[in-house]
Amino acid sequence: VKAHIIRPYAAFRVAAHYGCHALRPSEITGFDDPVAPVLFDDLVATTGAESMDWPEKLACCGGPVYPVNETLSMTLAGKKLAAAGRAEAHAITTACPFCQLQFERFRRDDTGLGALENGVLSIVYPQLLGFAMGLDPDMLGIKAGHRQVLERFSGT
């Protein structure tokens, strides 16, 4: 994969969000060590971005509880995104589309919980990787504002 990176990121700090279902139940997923995972961090680093060690890396995004308790769900998402901001991440990335939808839902939430001051970009990993590989941002579904951030850190 690294051989196909033509727009590597530089000084781009990314908080990897593994997602609950990538790691648990570990005896079924077999993806990585459920307590100290590294595979997704390695994939992020392949793009040239700095995959950060941060305290909420393994915390749930809150998406699974949304149907039964929206307030708790949004609180968990907010804590996760705020922790990424406190860790000075420029972005949080996940390989799980469900988690990505949760982070986007948090930003659109009209309860007031979605107001973030840290400006952490939320992007699904295939977009992060595809942009670094030189794929068309429109084809990847990258929003204009997200594209500006990625361009700033990739030197394009």
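Scroll up a little and you will see the structure.
Attention in this report is confined to the structure presented alongside it. On a predicted model such as this, the values are computed, not experimentally measured, just so you know. Along every chain, residues carry numbers that run from 1 in the direction the sequence is written. Reporting of local features is limited, given that this is a predicted model, to residues whose pLDDT is at least 70; pairs of side-chain atoms are given and counted only at 80 or more, and all residues count toward the totals for whole chains, interfaces and linings. Side-chain figures throughout are based on the complete set of non-hydrogen atoms in the structure, without hydrogens or water.

### Some points on the overall build of the protein chain
So, step 1. In this description a helix means any DSSP run of H or I spanning at least four residues, a strand means any run of E spanning at least two, and both kinds are numbered starting from the N terminus. Scanning the protein chain from terminus to terminus reveals eight helices and four strands.
So, step 2. Of the regular secondary structure in the protein chain, the N- to C-terminal order runs β-α-α-α-β-α-β-α-β-α-α-α.
So, step 3. Relative to the globule expectation of 15 Å for 156 residues, the C-alpha radius of gyration of the protein chain, 15 Å, shows essentially globular dimensions.
So, step 4. With the C-alpha coordinates aligned to their principal axes, the bounding extent of the protein chain is approximately 45 × 40 × 30 Å.
So, step 5. In the protein chain, which comprises 156 residues, the proportion classed as buried is 44%.
So, step 6. Here the analysis covers contacts within the protein chain between residues at least 6 apart in sequence; of these, 68% occur between residues at least 24 apart.
So, step 7. With residues, only the protein chains shown are counted as cover, and all accessible areas are computed by Shrake-Rupley using a 1.4 Å probe. Element-wise, carbon and sulfur atoms account for 58% of the exposed surface of the protein chain, whose accessible area totals about 8000 Å².
So, step 8. Charged residues are defined narrowly, with Lys and Arg counted positive, Asp and Glu counted negative, and His plus the chain ends left uncounted. All charge positions are set by atom: Lys at NZ, Arg at CZ, Asp at CG, Glu at CD. Side chains of the protein chain give 14 positive and 17 negative charges; the mean places of these two sets differ by 3 Å. We compute the radius of gyration over the C-alpha atoms and compare it with the globule rule, which gives 2.2 Å times the number of residues raised to the power 0.38. When accessible area is computed with a 1.4 Å probe and restricted to protein chains, residues below 20% of their type maximum are described as buried, those above 50% as exposed, and intermediate ones as partly exposed. Two residues qualify as a contact provided that any one of their heavy atoms is within 4.5 Å of a heavy atom in the partner residue.

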